[in-house]
Amino acid sequence: MQQDDIRTRMVKFYARGDRHVTINATQGHFATSQSHINYYIDVTRLKVRVSEAEEAARSLRQKLLHNVETVDTIVCLDGTEVLGAFLGQELEKGDFRMTNKHETMYVVEPEENSIHQFMFRENIRPSIEGKNILLLVATMTTGETVKKSLECIEYYGGIIQGVAAIFSTTTDIDGTKVYPLFDQEDLPGYATYAPHECPFCKQGTPLEAMVNAYGYSKL
Ligand SMILES: [Zn+2]
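These lines cover the structure that appears in this document, whether it is placed above or below.

Each value, and the rule that gives it
- Every residue gets a number counted from 1 within its own chain, in the order that chain's sequence is written.
- Only residues with pLDDT of at least 70 are given local features in this predicted model, and only at 80 or more are side-chain atom pairs given and counted; all residues enter the totals for whole chains, interfaces and linings.
- Numbering goes from the N terminus for both helices and strands, where a helix is a DSSP run of H or I of at least four residues and a strand is a run of E of at least two.
- Radius of gyration here uses only the C-alpha atoms, and the compact-globule reference equals 2.2 Å multiplied by the residue count raised to the power 0.38.
- In this scheme, a helix's expected span is set at 1.5 Å multiplied by one less than its residue total.
- Any residue surrounded by 20 or more other C-beta atoms within 10 Å of its C-beta is treated as buried, while 12 or fewer makes it exposed and the intermediate range makes it partly exposed; C-beta atoms here are placed from the backbone.
- Note that the arc is computed from the directions linking the helix axis to the C-beta atoms.
- Think of it this way: build a C-beta for each residue from its backbone, and any pair within 7 Å is a contact.
- Working definition: the nonpolar core is a set of buried Ala, Val, Leu, Ile, Met, Phe, Trp, Tyr and Cys residues, joined through C-beta atoms within 7 Å.
- Two strands qualify as a pair provided DSSP detects at least 2 bridges between them.
- Angles here are taken between N-to-C directions and fall from 0 to 180 degrees, while the axes themselves are lines fitted to C-alpha atoms, restricted in helices to the stretch in contact.
- What sets the label is the angle itself: under 35 degrees gives roughly parallel, over 145 gives roughly antiparallel, 65 to 115 gives roughly perpendicular, and the rest give oblique.
- By definition, any crossing whose near helix is turned counterclockwise from its far helix by less than a right angle is left-handed, and any crossing with a clockwise turn is right-handed.
- In this classification, Asp, Glu, Lys and Arg are treated as charged, Ala, Val, Leu, Ile, Met, Phe, Trp, Tyr, Cys and Pro as nonpolar, and every other residue, Gly included, as polar.

In this section: the overall build of the protein. Looking only at helices and strands, one finds 6 helices and 14 strands in the protein. Computed over the C-alpha atoms, the radius of gyration of the protein is 18 Å, within 12% of the 17 Å expected from 2.2 N^0.38 for a compact globule of 219 residues. Seen through its principal axes, the protein has C-alpha atoms that stretch 55 × 40 × 35 Å.

Here it is, written out as structure tokens:
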């Protein structure tokens with residue numbers, strides 16, 4: 001079996017202010033659907049390992065505290081449902097308000113239809129319409145997918161209270177606040193380029209992989 005050097009080159013990075021929360025990242029030349037980047041960020045552990053998801057949820061709660069007041073529903077993107085469930089549990093512990101009747105939070109994910117639009121079916125809509133929504137995403141670089149999902153939530157009548165992210169390069173997206181566990185300061189030299197301005201492409205360095213918030217596919 002061919003050795004996967006993207007995995008072997010991975011380095012562990014610690015969250016500023018919470019050494020219990022870590023992500024992996026590999027430096028190189030990668031493409032997302034919108035941009036070229038010099039780091040592949042791997043947040044898999046925080047999404048799929050119960051103890052790490054729990055720790056990340058605790059840490060996210062601290063970021064949201066005193067910033068987001070009311071959350072009825074967490075909308076999960078990028079396969080963040082496990083983290084979303086723990087985050088819901090953390091936010092139910094007090095200090096956050098809720099308008100839901102049974103004093104419990106909803107954790108949902110949008111469905112992507114055949115033309116790549118996000119949608120919520122009838123059975124899920126009561127957890128969106130008129131509800132205070134926290135959007136949870138894995139990694140955000142250009143923010144195009146996040147913008148698309150915020151529009152979708154608003155279309156279904158949700159009231160957006162903020163975006164929680166494992167990694168984000170921005171703390172504001174069209175006026176909506178973003179609360180990331182990690183930002184580009186945690187990854188020294190992190191850079192994102194428009195594909196036609198990418199310095200690696202200009203040097204003739206080949207792309208190593210296509211990446212998204214779920215992972216990477218080598219080229
Ligand atoms: Zn490039």
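Spanning 12 residues, helix 5 (residues 144-155) covers 17 Å between terminal C-alpha atoms, matching the ideal 16 Å at 1.5 Å per step. Burial in helix 5 covers these residues: Thr145, Val146, Ser149, Leu150 and Ile153. Down the axis of helix 5, the buried side of the element spans an arc of 135 degrees, and every buried residue falls inside it. The elements touched by buried residues of helix 5 are strand 4 (73-76), strand 7 (118-119), strand 8 (132-140), strand 9 (159-168), strand 10 (172-173) and strand 11 (176-182).

The next point concerns the environment of lysine 12. Topologically, lysine 12 is positioned in strand 1 (residues 11-15). Between the C-alpha atom of lysine 12 and that of leucine 187, which follows or precedes it by 175 residues, the distance is 10 Å. Once residues within four sequence positions are removed from consideration, lysine 12 is found in contact with Thr22 and Asn24.

Judged by nonpolar contacts, the single largest core of 55 residues is most densely connected at Leu135, Leu136, Val137 and Ile166. Looking at this core element by element, the count peaks at 7 residues for strand 8. The residues contacting leucine 136, other than those within four sequence positions of it, are Ile74, Val75, Cys76, Leu77, Thr80, Leu83, Gly84, Leu87 and Ala164.

Turning next to the environment of asparagine 24. Here asparagine 24 shows up in strand 2 (residues 18-31). When near neighbours in sequence (up to four residues on either side) are disregarded, asparagine 24 contacts Met10, Val11, Lys12 and Asp42.

Moving on to unusual backbone geometry. At histidine 66, a position not held by glycine, the phi torsion is positive, near 70 degrees. In this structure, histidine 66 sits in the loop between helix 3 (50-64) and strand 4. Located in the positive-phi region is aspartate 174, a residue other than glycine, with phi close to 50 degrees. In this fold, aspartate 174 is placed in the loop between strand 10 and strand 11. Judged by local crowding, aspartate 174 falls into the exposed class, with 9 C-beta atoms found within 10 Å.

Reading across the sheet, the 6 strands line up as 5-4-8-9-11-10 and stay open at both edges, with mixed pairing between neighbours. The open sheet has two edge strands with one neighbour each: strand 5 (106-108) and strand 10. Bridge count for strand 4 against strand 5 is 3 bridges, and the pairing is parallel. From the neighbouring strand, isoleucine 74 faces strand 5, where its bridge partner is valine 107. Contacts from helix 3 reach strand 9 and strand 11 within the one sheet, and its direction differs from that of strand 11 by about 140 degrees.

Pairs of packed helices are described in terms of their axes, by the angle between the two and the distance that separates them. Interhelical geometry of helix 3 versus helix 4 (residues 81-91) gives an angle of 50 degrees and a closest axis separation of 8 Å. In terms of their interaxial angle, helix 3 and helix 4 are classed as oblique. Note on packing geometry: the crossing formed by helix 3 with helix 4 is right-handed. Contacts between helix 3 and helix 4 pair Ala53, Glu54, Ala56, Ala57, Arg58, Leu60 and Arg61 from the former with Val82, Leu83, Phe86, Leu87, Glu90 and Leu91 from the latter. Split into classes, the residues belonging to the contact of helix 3 with helix 4 amount to 9 nonpolar, no polar and 4 charged.

The analysis is restricted to geometry; functional conclusions fall outside its scope.
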